[in-house]
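Each chain, letter by letter, is given below.
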Amino acid sequence: MTTTAWIVFLLVTAYTIWDGVRRTIGSKTMEGFFAAGRNIPWWAAGLSVMATQLSAITLIGGVGMGYEGGLEWVQTYFALPFAMVILCVWFVPMYRQHPILTAYEYLERRFGPITRTLTSFTFLISRCLAFAVVLYAPAVVFSAMTEIPITPMVVVTGLVTTAYTVAGGVGGVVWTDVKQMAIIVVGIVACLVMLLWDTVGQLGFGGVFAALGAAGKLNAVEVVNPAWTLAPATDQAGKATSFWSDNYNLWTGLFGTVFLFLSYFGCDQVQVQSLLSSKSVDSSRRALLMSAFTKVPLQLLVLFLGGLLFLHHGLAREPLLFDPDHQARAANLPEPQRVPFAAAAAAHERARNDRREALLQVAAGDATATARLQQATMAATAARGEARKLVQPAEGRQKDGNYIFTDYLFREVPKPLLGLMIAAIFAAAISSAAGALSSLTSASMVDFYRRWLAPHADEARAVRTSRIVMAFWGLAATGFAVTLGDGPLLEKVNEIGSFFYGSILGVFLLALFVKRADGRAASAGLLGGLLVTFGVHGTMHIAFLWYNLVGAVACVGIGAVVALLPRRD
Amino acid sequence: MATPPSPDSGDAPPPFGSWPRTYMLAMVLAVVVVLLLWLLTAYGNTPLGSAR
């Protein structure tokens, strides 16, 4: 990375953080520190909701998914508007009828302290794990860029996030999110313009879409797949063909993720804190609807960026290996692997040439070249996979989807734009991490410290302790992130959450819709839902998005049954 | 001293006149977007491995 890129990155990042934190630095009350005095405008709360959800993982991995799998991942977001409407109708009024600081405070009013404590504790475990993953992702980028190992990168990201969150509290996080979201959108659009300029120049506007379609990259909706079986697979062999183990299709997108979104945006303190800090019920509703209708187009843009990058590499020179670690290993291969590696490289070269010709033919209107394009694409993918296997025998470290976008940024974009894009990815990372950090702290402080340990602590002492607890969470998650290995980062975050989200949502559904449910029923439902989810995970191969539905249904079912049982008193 | 805003007072009317109408329009828009993307897939995409 050149001096220019470093200067752009440092200036943009420093301004974003300073301007966000200066507005709320020095809060003296819990209401000020954890809810920004309930004075955040709806558009800022909406942008904060988006920035927190759009992590660096979404950016880096999303472009890689668009490159390899096309638009299919967008289906995951189809349920978002429906989930937001449900939250606006039932959840927002539920939270805003009392001056609460965490989502779980409401549960004490409805079910008593045990349910509140159990649910908040479940949140703390799941969010701490996800927080560590969120810290790990940008470290991959910076490590690839500077050849500095991942560990110091994780530490720097964790410390920067912790420092500005401790200084500004939730208000600082929200206002920083607003700036960060603007940088992210500018960065994405700038890359999109560059890639469109290149590909449209070579293929024409219609040719770009024809080529993307012929390569199978315009696969935004999958309704039915002849290979699906309806019985859930219970062994590895059946995993690929079961409907239930397919992560990305219309049905998972509508019925699996609706429970994920209801729980993430409606019951997860990381998002609820933005809603609680906005000015009114209507402000919270507007914030949710705004993020629902900007998220889907933004996600489409990220995936489309991946598709355009596929065309760009298809027309120019796709690297055989994207991961710098793989490239370094390839340069020092032991003797027995050099011949097969050279064969894989030659096969990739042939497939690449074939694909380039087929792309030009398809773009020129020759539909008969579609089969050749697809065969060449599959052959190039297979050759790349073979090369990765040879340089990296460990299966978990063979995927390189997270390096596709960064490879392009570091090798091809102008240096000022590289600086801006790194600032955007860093912004995405720390905005998600800061949201996680402030929510972990508010749950710890409000649901545990003030509830059980020091109910009579004055405001100044509580805020001082909050800052210490926040620093503890930041350092603990940074330490945990250092121990994480490489892998499909994007799915790790949602996977970790999906084990817990369904059951937490179930508790809130019991509170809202099962009048007979009491604390005993809610606690039994929560624990039962978690057990059923982990049981399903251990015995069947189903897509992690379905865990949300499984957990919610199990929690509500068990809670409803327990509510019907006669009470001892 | 200025009175802080009440947590339950709306600071602006709903985007489309009333909340029920806003929700209805939001869901209709969501369905239209999914349909448009389905059309894009059905008429513009050739699933990988299916071309002959």
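Quick note: structure is the one above.
Since the structure is predicted, the reported quantities are computational estimates derived from the model, not experimental observations.

## Structural notes on the overall build of chain B
Step number 1: Helix and strand counts for chain B come out as one helix and zero strands.
Step number 2: Counting over 52 residues, chain B shows a buried share of 21%.

## What to know about the side chain of Thr-76 of chain A
Residues and elements named next belong to chain A.
Step number 1: Along the polypeptide, Thr-76 turns up in the loop between helix 4 (56-69) and helix 5 (80-96).
Step number 2: Residue Thr-76 is classed as buried on the basis of its relative accessible area of 5%.
Step number 3: Only 2.9 Å separates the side chain of Thr-76 from the backbone oxygen of Trp-73, close enough to count as a polar contact.

## Focus: the nonpolar core
Residue and element names in this part refer to chain A.
Step number 1: By size, the foremost hydrophobic cluster in this structure holds 196 residues, and its most contacted members are Phe-91, Tyr-95, Phe-405, Leu-409 and Phe-508.
Step number 2: A per-element tally of this core places helix 17 (residues 415-453) first, with 22 residues.
Step number 3: If you look at the next biggest cluster of nonpolar residues, it comprises nine residues, including Ala-330, Leu-333, Phe-341 and Val-391.

## Remarks on the pattern of salt bridges
Working definition: two side chains of opposite charge can pair if their charged atoms are close together.
Residue and element names in this part refer to chain A.
Step number 1: Applying the stated rule across the entire model yields 18 salt bridges over all chains.
Step number 2: Salt-bridge contacts for Arg-355 lead to Glu-318; the nearest nitrogen and oxygen are separated by 3.1 Å. With Arg-355 in helix 14 (residues 335-363) and Glu-318 in the loop between helix 12 (281-315) and helix 13 (324-331), this pair connects stretches of sequence that are 37 residues apart.
Step number 3: On the accessibility criterion, Arg-355 (1% relative accessible area) is buried.
Step number 4: With a relative accessible area of 3%, Glu-318 lands in the buried category.
Step number 5: Across the salt bridge formed by Asp-354 and Arg-372, the nearest N and O atoms sit 3.7 Å from each other. Taken together, the residues span a long stretch of sequence, with Asp-354 in helix 14 and Arg-372 in helix 15 (residues 370-391) at a distance of 18 residues.
Step number 6: The class for Asp-354 is partly exposed, based on a relative accessible area of 35%.
Step number 7: Its relative accessible area of 28% is what places Arg-372 among the partly exposed residues.

## Considering the interface of chain B and chain A
When the parts of a complex come together, some accessible area is lost, and that lost area is often taken as the interface size.
Step number 1: Opposite the 33 residues of chain B that make contact, chain A presents 39 residues.
Step number 2: When chain B packs against chain A, the two sides together hide about 2,800 Å² of surface, and 69% of this comes from carbon and sulfur.
Step number 3: Its largest share of buried area at the contact with chain A, chain B owes to Trp-19, Tyr-23 and Leu-48 of chain B, together 20% of the area lost on that side.
Step number 4: Between chain B and chain A we count zero salt bridges in total.
Step number 5: Here chain B is connected to chain A by eleven residue pairs in polar contact (both at pLDDT 80 or more).
Step number 6: Here the side of chain B that touches chain A is built from residues that sort into 20 nonpolar, ten polar and three charged.

## Things to note about helix 3 (residues 42-53) of chain A
Residue and element names in this part refer to chain A.
Step number 1: Between the first and last C-alpha of helix 3 there are 17 Å, a value that for twelve residues agrees with the 16 Å anticipated at 1.5 Å per step.
Step number 2: Counting buried residues in helix 3 gives ten out of twelve residues, a clear majority hidden from the surface.
Step number 3: Of the surrounding elements, those touching the buried residues of helix 3 are helix 4, helix 8 (150-203), helix 10 (250-266), helix 11 (269-277), helix 12 and helix 17.

## So, the side chain of Thr-102 of chain A
Step number 1: Mapping Thr-102 of chain A onto the fold places it in the loop between helix 5 and helix 6 (103-111).
Step number 2: Residues contacting Thr-102 of chain A, with those up to four places away along its chain left out, are Gln-269, Leu-276, Ser-442, Ala-443, Val-446 and Asp-447 of chain A.

## Some words on the packing of aromatic side chains
Step number 1: By the definition in use, this model includes 27 aromatic pairs over all chains.
Step number 2: Look at Tyr-104 of chain A and Phe-123 of chain A: their rings are 5.4 Å apart centre to centre, the planes differ by 35 degrees, and that puts the pair in the tilted class. Placement of Tyr-104 of chain A in helix 6 and of Phe-123 of chain A in helix 7 (residues 113-146) is noted, with a sequence separation of 19 residues between them.
Step number 3: A relative accessible area of 1% means that Phe-123 of chain A is categorised as buried.
Step number 4: Look at Phe-243 of chain A and Trp-546 of chain A: their rings are 6.2 Å apart centre to centre, the planes differ by 50 degrees, and that puts the pair in the tilted class. One end of the pair, Phe-243 of chain A, is in the loop between helix 9 (205-214) and helix 10; the other, Trp-546 of chain A, is in helix 21 (residues 545-564), with 303 residues separating them in the sequence. Trp-546 of chain A matches Phe-243 of chain A in its accessibility class, with the two residues each being buried.
Step number 5: The ring of Trp-18 of chain A has Arg-22 of chain A lying over it, and the distance from NZ or CZ to the ring centre is 5.4 Å.
Step number 6: Note that Arg-285 of chain A overlies the ring of Trp-19 of chain B, its terminal NZ or CZ placed 5.4 Å from the centroid.

What counts as what
Residues numbered from 1 in each chain as written. Chains lettered and ligands numbered in written order. Predicted model: local features only at pLDDT ≥ 70, side-chain atom pairs only at ≥ 80, totals over all residues. Heavy atoms only, no water. Helix = DSSP H or I, 4+ residues; strand = E, 2+ residues; numbered from the N terminus. Buried < 20%, exposed > 50% of the residue type's maximum accessible area, 1.4 Å probe, protein only. Polar contact = N/O pair within 3.5 Å; in protein donor to acceptor, adjacent residues only side chain to side chain. Core = buried A, V, L, I, M, F, W, Y, C linked by side-chain atoms within 4.5 Å. Salt bridge = Lys/Arg side-chain N within 4 Å of Asp/Glu carboxyl O. Contact = heavy atoms within 4.5 Å. Buried area = accessible area lost by both parts, 1.4 Å probe. Nonpolar A, V, L, I, M, F, W, Y, C, P; charged D, E, K, R; others polar. Expected span 1.5 Å × (residues − 1). Phe/Tyr/Trp six-rings, centres within 6.5 Å; stacked < 30°, edge-to-face > 60°. Lys NZ or Arg CZ within 6 Å of the ring centre and 35° of its normal.

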